Number of protein chains: 2
Amino acid sequence: MTYQAPVRDYAFLLRDVLQLERYANLPAFADASMDTIDAILEEAGKFTSEVLAPLNSVGDKQGCVWSPDFTVKTPDGFKDAYAKLVEGGWPALGSDPAYGGQGLPHVVNVAFSEMSSSANMAFSMYPGLTHGAYSAIHVGGNQEQKDLYLPKLASFQWAGTMNLTEPHCGTDLGLLRTKAVPNGDGTYRISGQKIWISGGEQDLTENIVHLVLARIEGAPQGTRGISLFIVPKFIPDADGNPGERNAVKCLGLEEKMGIHGNATCVISHEEATGWLIGEENRGLNLMFVMMNEARLGVGLQGIAQAEAAYQAAAAFAKDRLQGRSLTGPKNPDGPADPIIVHPDVRRMLMDARALVEGGRAFMAWTALHGDLSHASPDEAVQQKGRDYMALLTPVVKAFLTDRGFQVCSDAMQVHGGSGFTEHFPVSQYLRDVRIALIYEGTNGIQALDLVGRKLAADGGRGVMSFFAELDGFIEGESDAAMKPFVEGLAKAKAELQEATMWLMQNGLANPDNAGAASTDYLHLFGLTALAYMWSLQAKAALARIAGGDKDPFYETKLTIGRYYIERILPETSGHLAKLKTGSELMMKLPAEAF
Amino acid sequence: MTYQAPVRDYAFLLRDVLQLERYANLPAFADASMDTIDAILEEAGKFTSEVLAPLNSVGDKQGCVWSPDFTVKTPDGFKDAYAKLVEGGWPALGSDPAYGGQGLPHVVNVAFSEMSSSANMAFSMYPGLTHGAYSAIHVGGNQEQKDLYLPKLASFQWAGTMNLTEPHCGTDLGLLRTKAVPNGDGTYRISGQKIWISGGEQDLTENIVHLVLARIEGAPQGTRGISLFIVPKFIPDADGNPGERNAVKCLGLEEKMGIHGNATCVISHEEATGWLIGEENRGLNLMFVMMNEARLGVGLQGIAQAEAAYQAAAAFAKDRLQGRSLTGPKNPDGPADPIIVHPDVRRMLMDARALVEGGRAFMAWTALHGDLSHASPDEAVQQKGRDYMALLTPVVKAFLTDRGFQVCSDAMQVHGGSGFTEHFPVSQYLRDVRIALIYEGTNGIQALDLVGRKLAADGGRGVMSFFAELDGFIEGESDAAMKPFVEGLAKAKAELQEATMWLMQNGLANPDNAGAASTDYLHLFGLTALAYMWSLQAKAALARIAGGDKDPFYETKLTIGRYYIERILPETSGHLAKLKTGSELMMKLPAEAF
């Protein structure tokens, strides 16, 4: 069973659901004709399934190996595959043409990123974070820094990393201790230990560009005294080539439950030379450019692993003969029926499809809003794009990874005992995806960000705009075939709105009420968003069918969409009931009672 | 952080909730005074936390090692610990005094089993299956077989295994190919390959007693031609000591996601000598004695791992300083507050407590009914005990493992990034517990067993009896402090009853409706059962408080119980809504669409 990239589904999404060709007048979209996109999807499918997927299990079994000379060897084949990635020009898809990129909309890049991550999550993290470093420098670097680093990062010749976490500080960056002392020549000496640095050392690229949070000597305590520095592994020489070795080294690797092919490093900065990027003490803002992009990428990992695990489960379910259908043999000449005849197996496969295809649409739709926030000439569209990106990033990250993990676990369940053995790929998917619920801010932190920061931002403009969009859609639909979608969406939206009101009334009175409600609220939000995504997909499929298109793909879409509404969406009411109980019982026990 | 056995909770359960002393007039219970039980719980806590828990990580890291001479080495320390287990007399707790056991009620043994499994799941599987083999021979063996094997199995000097699965047949045992050819002297030659045999080979015991399903030459096809055989690794000599080596060997071990310390073996029977146990072609019935016991033991593993993972998470949450409480600093002199101040962290810890303590009560209450089905002099009580055991076994197995897995995943989440590393114990809990959702019949098979077999058995006598018990309880409670419990339970019970009616009406019309509803029905059942368990615990706690007992344990119980009702029980409505949608959309797509 090899990974099959969801080329068909992306073509439908980009052409029929998001209708990218509507935006052909915008600069970034001008080169993104559907012919170009079709070709990119096709090639992306080939590259990821043929080059990256075969190395996924190799990476899991071999892991990365650290040597006492502070080098790290990635698994066999990763280096070649990385070279092919660079040669193929894949990294440049979404990057600025000024620095060698192709400048395509990010929504197109999402397709490639999902496919890479499905094929090989551990591998795809190396280029994944590089793109984040590229964005942070693109936004915050000075021209010299941009000219020096962006072409190398856009092409992925050099890799980027994100150096935030320290042993005593992860979520709470105010506790950060890594320090920066000015050298007097515009550079700084950076000292401190960073942990959990993905790709902090590797043998794939000729240089590694660490983006490091540190506190300049004498800067304020807390988060208002944190600056961001560029600390290259090799200091670029006058020609911009890797020169002198910098005093930054990898002291060891973490032993982890999954993503063994990615080197999770302890990084020691020992008076390493660093360059300030952006303003002093404003490093967190800039790091959040990278972080927000990474959060969307993590949501994508949830869907990507779920897709891969679903494919493995579906293949197993069609192949494994065991028992007979409850409604009479379906494979009468064989010793038993394939287990896909059993409703409970179908339930898990249909849940997977409904969540993966709904989640994929949600990622792509969100990414499109991100593109429009830059590319649209209309300030209102730009603003809505920015509002949506801010509001939805935590939902994309946490909802899609929580659900992606559940899909991977169900995919293991479809395999029965085989799934628990390492002979089948699904254990790796489950182990790999689990980190996505944790890193770049745990899912609990995402929920708190949503209720504590994003909901109320700009007087609630983002969430009001989202509700208005749903209302407009619901009111505008009169097609009888859309009825189940519109009704399901309207009910979920009413519950989400009720929850939002509850939060506004009770979260201010006692902030613990907001915290206590946060995860249920985020899931209620995600379920509602996916109901909208399925409504949009249903509408696009119905339009195709009305136009005479006989491809069964569209009827399948309608079936999965209605399944989502009937079989997954009813979870909203449980979340609403729970969150409205507030924080009293949750917070009642003293800490010693635990 | 070392494992702390839940001695206090078991004392409350056995003394106050189940009130075991009520049954002091029954033979098995006569020796189970609360003094005896308290002493057993105390010693069990010591043995499991001091001897077994320290080997848990060792077992995970080393795993078992197979050698080309077909032997298997268990992890360092397992052999010594096993010897201590036997010396301590632990295995004999629940076994028949006629064969060296102490004859205590099984409900007491549940406590020891949970503690063993929390401390070291992989280790505790070796004795766990031995007890099942003991029970199968106790029920089905002839006197000679009992005399020969039971004392050795009751003392755990010898180990027992369960040889069911073959490469092409797991759930569907009708496809079984292992064959048995009569030797003419009452023995049989057994030939065939078995897979996934837990403890199929090890270095802990002087002999291994395989209970093997095989088809006698000429027997009918399908499940009606399967017999059960005793195939000892060493054939007992005239004195009952291990003699000649039998032709049964371990060809290798599975590489698995978890339970590395338990040897999961490929077992080859190569004309091995076997003894028929019970009647020809009735082997499945007897195997189900062992299987049903194993299923309850698996449900227990779900709770056991959840308890251990919860403890690790609670310790981490009290220790890790990160961020500040939303309602103002709680540790103002420290650099940050412990993360237990955050509502979303509390949510995960409270969910864990509510599910673990509710699930523990459910296991113990079910086990008590099993004891009464043998021990009660009242035929009606016996019958109810048998009915409940049949009805509830799939719920205990599947609901408690599904929820146990969720608790372990939440416990990892509480740990943040640390949880994903193998330096903390929670990754092992999550990886180990995952098998519990699969083996001894996947949770989907349990759900099908519940709706397809157990509900309708004896005209629905079991489920009607359960509903009548709940109604009686609900009607009998007038204490105002019990109101939230009674109301929650009544609502859940009404929903469960509605779902049961729906199944009766729609499952017969189309069996796929029953299959499509099965998992949601099982969860609705489990949620309702736990609401009853929390009601019983609340009532017992209130009685203590009314009696002037100031131990905060009882107020804590009430808080966690009310949290369960408010924060977990609302999930019932989602399950009801989902299951009533039937199988149409679930089964609509052709297999090729997956």
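Keep in mind the model is a prediction, meaning the values are calculated, not measured.

**Some details on the pattern of salt bridges**
Then step 1. Under the definition given, this model contains 74 salt bridges over all chains.
Then step 2. In this structure, B:Asp520 and A:Arg567 form a salt bridge, with 3.2 Å as the shortest nitrogen-oxygen distance. Taken together, the residues span two chains, with B:Asp520 in helix α17 (residues 511-546) and A:Arg567 in helix α18 (residues 552-567). Each member of the pair, B:Asp520 as well as A:Arg567, carries the same accessibility label: buried.

**Quick word on the domain arrangement of chain A**
All names here are of chain A.
Then step 1. When cut into domains, chain A gives domain 1 (7-64 + 76-154), domain 2 (159-281) and domain 3 (442-583).
Then step 2. For domain 1 and domain 3, the distance between their C-alpha centroids amounts to 29 Å.
Then step 3. Taken together, the contact between domain 1 and domain 3 spans six residues of the former and nine residues of the latter.
Then step 4. Considering only the side of domain 1, the residues that lose the most area to domain 3 are Arg8, Phe12 and Asp16, jointly responsible for 66% of the buried surface there.
Then step 5. For the pair domain 1 and domain 3, the interface holds three salt bridges.

**Comments concerning the relation of the copies chain B and chain A**
One copy of the chain maps onto the second through a rotation about an axis and a displacement along it.
Then step 1. Expressed as a screw transformation, the operator carrying chain B onto chain A has a rotation angle of 180° and an axial translation of 0.0 Å, and the superposed copies differ by an RMSD of 0.0 Å. This pairing of chains is accounted for by a two-fold axis. For chain B, the minimum C-alpha distance to the rotation axis belongs to B:Gly574 and amounts to 3.1 Å.
Then step 2. A shared binding surface is used by both copies, with 100% of the interface residues of chain B retained as interface residues in chain A.

**Looking at the packing of helix α11 (residues 379-415) of chain B against helix α15 (residues 461-476) of chain B**
For any two helices packed against each other, the geometry comes down to the angle between their axes and how far apart the axes lie.
Residues and elements named next belong to chain B.
Then step 1. Running from amino to carboxyl end, α11 crosses α15 at an angle of 105°, the nearest separation of the two axes being 9 Å. Classified by the angle between their axes, α11 and α15 sit roughly perpendicular to one another. Of the residues in α15, those touching α11 at Gln383, Lys384, Asp387, Tyr388 and Leu391 are Arg461, Gly462, Val463, Ser465, Phe466 and Glu469.
Then step 2. Taken together, the residues that form the contact of α11 with α15 break down as four nonpolar, three polar and four charged.

**Things to note about the interface of chain B and chain A**
Then step 1. On the side of chain A, 94 residues touch chain B, which itself brings 94 residues to the contact.
Then step 2. Summed over both partners, the interface of chain B with chain A buries about 8000 Å², with 60% contributed by carbon and sulfur atoms.
Then step 3. It is B:Phe420, B:Arg567 and B:Phe594 in chain B that bury the most area against chain A; as a group they hold 12% of the surface buried on that side.
Then step 4. Taken together, the connections running from chain B to chain A amount to four salt bridges.
Then step 5. The shortest N-O distance in the salt bridge between A:Lys578 and B:Glu571 comes to 2.5 Å.
Then step 6. In terms of residues, the side of chain B that touches chain A owes the most to one element, α17(B), which gives eight residues.
Then step 7. A per-class count over the side of chain B that touches chain A returns 42 nonpolar, 28 polar and 24 charged.

Conventions we followed
Residues numbered from 1 in each chain as written. Chains lettered and ligands numbered in written order. Predicted model: local features only at pLDDT ≥ 70, side-chain atom pairs only at ≥ 80, totals over all residues. Heavy atoms only, no water. Salt bridge = Lys/Arg side-chain N within 4 Å of Asp/Glu carboxyl O. Helix = DSSP H or I, 4+ residues; strand = E, 2+ residues; numbered from the N terminus. Buried < 20%, exposed > 50% of the residue type's maximum accessible area, 1.4 Å probe, protein only. Domains from an automatic or database assignment. Contact = heavy atoms within 4.5 Å. Buried area = accessible area lost by both parts, 1.4 Å probe. Least-squares fit on C-alpha atoms with pLDDT ≥ 70 in both. Axes fitted to C-alpha atoms, helices over the stretch in contact; angles between N-to-C directions. Parallel < 35°, antiparallel > 145°, perpendicular 65-115°, else oblique. Nonpolar A, V, L, I, M, F, W, Y, C, P; charged D, E, K, R; others polar.

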